[in-house]
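Below, each chain spelled out in residue letters.
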Amino acid sequence: MSDASDDYDDDYGPGSDDGFGYESYEGSDYGDDGNDGFDDVKPESMKLKPYEVAYEVLSVGDIQRQQDKLIEQVASILGLSNQNAMSLLLFFKWNNDRLLEQYTEDPEGVLKKAGISIDDNEEFLYELKPVPGFFCDICCEDRKGLLTFALECGHRYCADCYRQYTTQKIVDEGESRNLTCAADCPVVMNDKSIQKIVEPAVYERYKTLLHRTFVLDNEHLIWCPAPNCEYAVKCDDVSAKDLTSVVPTVTCKCNHKFCFGCGLPDHQPSICALVSKWIKKCEDDSETANWISAHTKECPKCRATIEKNGGCNHMTCRKCKYEFCWICIGNWSEHGTSWYNCSRYDEKSGVDARDSQAKSRASLERYLHYYNRYANHEQSAKLDKDIFVRTEKKMTQLQSTSGMSWIEVQYLAQASAALQECRQTLKWTYAFAFYLERNNDTHIFEDNQQDLELAVENLSSLFGKPIQELAEIKVQVMDRTAYCNRRRENLLSDTAKGLAEGRWKYQVQIK
Amino acid sequence: MIGGFTKRLGRELNDLKSNPAVGISVFQADDFRIWLIDIKVMDDNPIYVGKKFRLQFRFAPTYPIEAPEVQFVASYGIEIPMHPHIYSNGHICLDVLGSGWSPVQTVASVSMSIQSMLAGNDRNERPPDDARYVAHAPISPKNTRFVYHDDSV
Ligand SMILES: [Zn+2]
Ligand SMILES: [Zn+2]
Ligand SMILES: [Zn+2]
Ligand SMILES: [Zn+2]
Ligand SMILES: [Zn+2]
Ligand SMILES: [Zn+2]
C-alpha cells in the first residue's frame, strides 16, 4: 500500500468541484489483496458535501432492534440477564456509558438503586397464580383462588389490582421508563412483567412510549417532527456541542427536511442558535415588521395598488407599465444588471445616515432590511409553488392536445423544487447575515448570496410565463435550474467550511 | 377488586374508627366520596398548640390506584395551618399526594404524613408564592403540577 494515493486524495478531496471522483485513483492497490480493489471506491456524487452530515432514518422496527441490541450488549458486558440489563438501562435513561461507568465502580450499589435483585439468576417468571391465605392490601379482597402477581421484590397484590395500577400508569400517566412496583418500592417493571400483566393493547401503548423515551433520551436520535410521521433520525456524529460548527440537516423518508439539532424546518446555512435568536426577534418585532411583508404595494409611479402574484421581484405595473423592484421600489431599469445590489444592506450609508436619529431607529431599520428580504423569500416560495400547482394542472389538461407527455413536463417540477429549496436557503442567509460581523469574510458570503439571488430571480421570472411559452423555453428553464442548484451548493459549502473553521464572527454571543 | 374499591374504603374506615392513630379522628365519612378527617399536632409545637385542623379527602372510583384529592378546609373555629408548604386555600405541596402516591398508602398513612409534616415545622409562614398560586390555582390541587418543596425545611 503506497501513501501516494493518500496524498493524491488530499489534493483532490471533497473540496474539489470537478466531480470526477479522483478518489478512485488507487492504482497501486489494485489486485493486491485478491479483492477486486473497488471496495472503498465511491463515486464523488456519493460523498458528503461540506454542508451535509451522515444520518440514518429509522422505522419503529429499527428502533426496537437498536433497543434490543443495546440491551444485549449491556447484558453480555456485565454478565446479567437481558431482563436485568434492560431494567438497568431504563434506570439510566438508556445512557449505557454512564451505566457502565457507575456499575464498574459500585455494582451492588447501582443494582440496589435501580431496584434490581440479582439473587435469582434464573429468569423470573412473573406468574399469575393463587396463593393460599392471600389478602390483597390494595382492594382488601381475600377470595379463595384469587390470582396474584408480584415482581422480584415479592410485594404481592391481586392480579386485577396490579393490572389496573399498571394500566393507569401507562395509559393515564404515560409512564414507561420509570414504572415501579405498586408498593412504595423502587423495583422497576420491565418489559416482560408488563407484558404478563396488562391487556395487549396497553402493552402496545407501553412499547410505543418506550420507543419514544429511547429516542428522546438519546442525544443522537430525534423524531421526525412532521405530523403523523413515525420515523426517527439517527445522527451519530453530531452532539449538542457541535451545533455552533455544523447545521445538521436531514431528510426523513416522509420527505420532510429538517434540522437534526433543533427540529425546525431546514434552516441552512444559519446555525441553530442564531435561528432561535432570529425567530424570537421576529416575534418580538412582528408588529413593526408586519407591514413590510404585506402582499400589496403601491406602484411608485401611478399609485395603483399592485399585488405580488409571483415570486419574482421584477414588477411591472399593469396600469402604467412602469417597471420596478419589489424590494426597494426602485426603478428596475436603473437597477441595471446590478439590481441585486438591493439584497445588500449598505452598512456604511446606514451609519452615515443623514438624519442622525437615535441609534435604536438605525438598528430597527437594519433589522427591517434583513427581515424584509427574509419574509420576501418566504412569501415568494409560496407564490412560486402556487404557480407550479396551477401550471401543473394546465399541463395535465394540455397533455392530450399538445402531445406533451408527463415525463416531458417534469423539468417544471424540478425547477419548482429548486426554487423552493433555494428560497429556503436564501431566507436563512438573511437571518445569518443579520448577525454577522462586517469583515472580508462577510463580503464573500454576501457575494455568494447575491449570486444565488440573481440565479433564483432569473429562474423565477421564467416560471411566471404563460404555459405555451414555457414549453418553448424548456432548455432555458433546465439550464437555470441547474445553475440555481450550483449556486446554492457553492454558498452552502463555503458557509459550512467557514463554520467548521470558526471563520464567522457574530455580533451576538452564542452558546 | 369487585364492585370498585368499596371494600377497601370500608375496611379503612373501620380501622380508622376502631384503631385510630393518636391525634387523628374521623369527623365525617357518610359515603365513599368525601371524608373529613381532623388532625392535631401532638407535641407542643408553638405554631399549632391547642389547635385542630381538618383534612378533606375526595376519592375517585379508581382509588386507591389513583391518589385521593387531599386538602385542608377551613370551618368555624378551624383554620388552614401555617406552613411553608401549605397554601392559604388549603392546598398542600406534598409528593405523597401526587407523584409519590402508591396504592398501598391509606387515608391513615397520608394523615400521619401530614401530621408529622406539621410537627416538624418551625416556620410560621406560607409558601413564598402563596398569593400568586392562590389567585390562579385550579379548584382541585390534583390539577397542580407541584414542584415539591425541599422536605428538609
Ligand atoms: Zn386487589
Ligand atoms: Zn416491590
Ligand atoms: Zn418524517
Ligand atoms: Zn437547527
Ligand atoms: Zn403604475
Ligand atoms: Zn431593488
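Values in this document were obtained by computation on a predicted structure and should not be read as measured data. The written sequence of each chain sets the order in which its residues are numbered from 1. Each chain gets a letter, beginning with A, and each ligand a number, beginning with 1, in the order they are written. Totals for whole chains, interfaces and linings use every residue, but because this is a predicted model, local features are given only for residues with pLDDT of at least 70 and side-chain atom pairs only at 80 or more, for both listing and counting. Side-chain numbers here rest on the full set of heavy atoms in the structure, without hydrogens or water.

### Topic: the overall build of chain A
Item 1. For chain A, the helix and strand inventory stands at 17 helices and twelve strands.
Item 2. Going through the 511 residues of chain A one by one, you find that 45% of them count as buried.
Item 3. Looking at chain A as shown, the accessible area adds up to about 26,800 Å², and 49% of this sits on carbon and sulfur atoms. Strands are runs of DSSP state E lasting at least 2 residues, helices are runs of H or I lasting at least 4, and numbering of each runs from the N terminus. When a residue's accessible area, from a 1.4 Å probe over protein chains only, is under 20% of the maximum for its type it is buried; when over 50% it is exposed; and in between it is partly exposed. To measure how exposed things are, a 1.4 Å probe is used in the Shrake-Rupley method; for residues, cover is taken only from the protein chains shown.

### Quick word on the coordination of the zinc ion (ligand 3)
All names here are of chain A.
Item 1. For the zinc ion (ligand 3), the full set of protein donor atoms is Cys224 (SG), Cys229 (SG), Cys252 (SG) and Cys254 (SG), and the range of their distances to it is 2.2 to 2.3 Å.
Item 2. Excluding water, the donors of a metal are its N, O and S neighbours within 2.8 Å, or within 3.2 Å for Na, K and Ca, and that exclusion means sites may look incomplete. Just to be clear on the cut-offs, tetrahedral is four donors with all angles between 85 and 135 degrees, square planar is four donors and octahedral six with opposite donors over 155 degrees apart and all others between 65 and 115, and anything else goes down as irregular. Geometry at the zinc ion (ligand 3) is tetrahedral, judged from the four donor atoms that bind it and their angles of 105 to 115° at the metal.
Item 3. Spacing between the donor residues of the zinc ion (ligand 3) along the chain follows C-x4-C-x22-C-x1-C. A residue pair is termed long-range when its members are at least 10 positions apart, and Cys229 in the loop between strand 5 (221-223) and strand 6 (232-234) and Cys254 in the loop between strand 7 (249-251) and strand 8 (257-259) qualify at 25 residues.
Item 4. Taking the relative accessible area as the measure of exposure, Cys229 reaches 17% and is therefore buried.
Item 5. Look at Cys254 and you get partly exposed, because its relative accessible area is 35%.

### A few points about the interface of chain B and chain A
Item 1. Contact definition: two residues touch when any of their heavy atoms are within 4.5 Å. If you look at the interface, chain B gives 15 residues, while chain A gives 17 residues.
Item 2. A 1.4 Å probe defines the accessible area here, and the buried area is the portion of it lost by two parts on being joined, summed over both. Taken over both partners, the interface formed by chain B and chain A buries close to 1,500 Å², and the fraction arising from carbon and sulfur atoms is 58%.
Item 3. Just to be clear on terms, a salt bridge is a Lys or Arg side-chain nitrogen sitting within 4 Å of an Asp or Glu carboxyl oxygen. The interface formed by chain B and chain A contains one salt bridge.
Item 4. Residues adjacent in sequence count toward polar contacts only when both atoms are side-chain atoms; beyond that, a polar contact is any pair of N or O atoms within 3.5 Å, and within protein one must be able to donate a hydrogen and the other to accept it. One can count five residue pairs in polar contact (both at pLDDT 80 or more) joining chain B with chain A.
Item 5. Note on residue classes: Ala, Val, Leu, Ile, Met, Phe, Trp, Tyr, Cys and Pro are nonpolar, Asp, Glu, Lys and Arg are charged, and everything else, Gly too, is polar. Counted by class, the side of chain B that touches chain A contains seven nonpolar, four polar and four charged residues.

### Here's the deal with the sheet that holds strand 1 (residues 24-28) of chain B
All names here are of chain B.
Item 1. Spatial strand order, 1-2-3-4: four strands in an open sheet with antiparallel pairing. The sheet is open, and its two borders are formed by strand 1 and strand 4 (69-73), each paired with just one other strand. Looking at each pair of strands side by side, their axes are set apart by 30° on average, direction ignored.
Item 2. Summarising the sheet, strand 1 and strand 2 (residues 34-39) pair through four bridges and their orientation is antiparallel. The partner of Val26 across the bridge, within strand 2, is Ile37.
Item 3. Lying on the sheet, helix 1 (residues 6-18) is in contact with strand 1 and strand 2; it crosses strand 2 at an angle near 25°.
Item 4. Seen against the sheet, helix 2 (residues 107-119) touches strand 1, strand 2, strand 3 (53-58) and strand 4 and runs at an angle of roughly 35° to strand 2. Pairing between two strands requires that DSSP report at least two bridges joining them. The axes used here are C-alpha line fits, helices contributing only the stretch in contact, and every angle between their N-to-C directions lies in the interval 0 to 180 degrees.

### A look at the environment of A:Ala182
Item 1. Here A:Ala182 is to be found in the loop between helix 6 (159-172) and helix 7 (191-197).
Item 2. In the structure, A:Ala182 is positioned 16 residues away from A:Thr166 in sequence and 8.1 Å away in space, judged by C-alpha atoms.
Item 3. Filtering out sequence-adjacent residues up to four positions away, A:Ala182 remains in contact with A:Ile138, A:Tyr157, A:Tyr162, A:Tyr165, B:Ser102, B:Pro103 and B:Val104.

### As for the pattern of salt bridges
Residue and element names in this part refer to chain A.
Item 1. Within the structure shown, the criterion is met by 26 salt bridges over all chains.
Item 2. Linking Arg503 and Asp494 is a salt bridge whose minimum nitrogen-to-oxygen distance equals 3.4 Å. Residue Arg503 shares its accessibility class with Asp494, and that shared class is buried.
Item 3. What emerges from the salt-bridge pattern is a single network uniting Lys257, Asp266, Glu421 and Arg488.

### Re unusual backbone geometry
Residue and element names in this part refer to chain A.
Item 1. With an omega dihedral of 5°, the bond running from Gln268 to Pro269 counts as a cis peptide bond.
Item 2. Secondary-structure assignment places Pro269 in the loop between strand 8 and helix 9 (272-284).
Item 3. Even without glycine at this site, Lys93 takes up a positive phi of about 50°.
Item 4. Within the secondary structure layout, Lys93 lies in the loop between helix 3 (82-91) and helix 4 (96-105).
Item 5. In this model, Trp94 sits at a positive phi of 65°, which is unusual for a non-glycine residue.

### Observations regarding the packing of aromatic side chains
Residues and elements named next belong to chain A.
Item 1. Only the six-membered ring of Trp is used, alongside the rings of Phe and Tyr, when aromatic pairs are assigned; centres must lie within 6.5 Å, and planes under 30 degrees apart are stacked while those over 60 apart are edge-to-face, with the rest tilted. By the definition in use, this model includes 28 aromatic pairs over all chains.
Item 2. Measuring from ring centre to ring centre gives 5.2 Å for Phe432 and Phe445, while their planes differ by 65°; the resulting arrangement is edge-to-face. Taken as a pair, Phe432 in helix 14 (residues 410-435) and Phe445 in helix 15 (residues 440-463) lie far apart in primary sequence, 13 residues in all. As far as burial versus exposure is concerned, Phe432 and Phe445 are alike and both buried.
Item 3. A network of ring pairs unites the aromatic residues Trp278, Tyr367, Tyr370, Tyr371, Tyr374, Trp428, Phe434 and Tyr435 as a single cluster.
Item 4. Here the guanidinium or amino end of Lys281 rests over the ring plane of Tyr367, the centre of that ring lying 4.7 Å away.
Item 5. Positioned over the ring face of Trp504 is Arg503, at 5.2 Å from the centre of the ring. Only when the NZ of Lys or the CZ of Arg is both within 6 Å of the ring centre and within 35 degrees of the ring normal is a charge said to sit over the ring.

### What to know about the confidence of the model for chain A
The predicted coordinates of low-pLDDT regions are not to be read in fine detail.
Item 1. Looking at chain A as a whole, the pLDDT averages 79, with 75% of positions reaching at least 70.
Item 2. What pLDDT expresses is the predictor's confidence in each residue, scored from 0 to 100. Segment residues 344-358 of chain A is flagged for pLDDT under 50; beyond a separation of four residues in sequence, or across chains, it makes 15 contacts in the model.

### Quick word on the nonpolar core
Residue and element names in this part refer to chain A.
Item 1. Throughout, nonpolar core names a set of buried Ala, Val, Leu, Ile, Met, Phe, Trp, Tyr and Cys residues whose side chains join them through atoms within 4.5 Å. By size, the foremost hydrophobic cluster in this structure holds 58 residues, and its most contacted members are Leu88 and Tyr162.
Item 2. Broken down by secondary-structure element, the contributors of at least two residues to this core are helix 2 (60-78), helix 3, helix 4, helix 5 (107-113), strand 4 (157-158), helix 6, helix 7 and helix 8 (200-217).
Item 3. Judged by nonpolar contacts, the second largest core, of 51 residues, contains Tyr367, Cys422, Tyr430 and Phe434.

### Points about the packing of helix 14 of chain A against helix 15 of chain A
All names here are of chain A.
Item 1. Look at helix 14 against helix 15: their axes get within 10 Å of each other, and the N-to-C directions meet at 145°. Every pair of crossing elements has a handedness; the one defined by helix 14 and helix 15 is left-handed. Contacts from Leu412, Ala415, Ser416, Leu419, Cys422, Arg423, Thr425, Leu426, Thr429, Tyr430, Phe432 and Ala433 in helix 14 reach Phe445, Glu446, Gln449, Leu452, Glu453, Val456, Glu457, Leu459, Ser460 and Phe463 in helix 15.
Item 2. For the contact of helix 14 with helix 15, the class distribution of residues is 13 nonpolar, five polar and four charged. Throughout, a crossing is termed right-handed when the near helix is turned clockwise from the far one, and left-handed when it is turned anticlockwise from it by less than a right angle.

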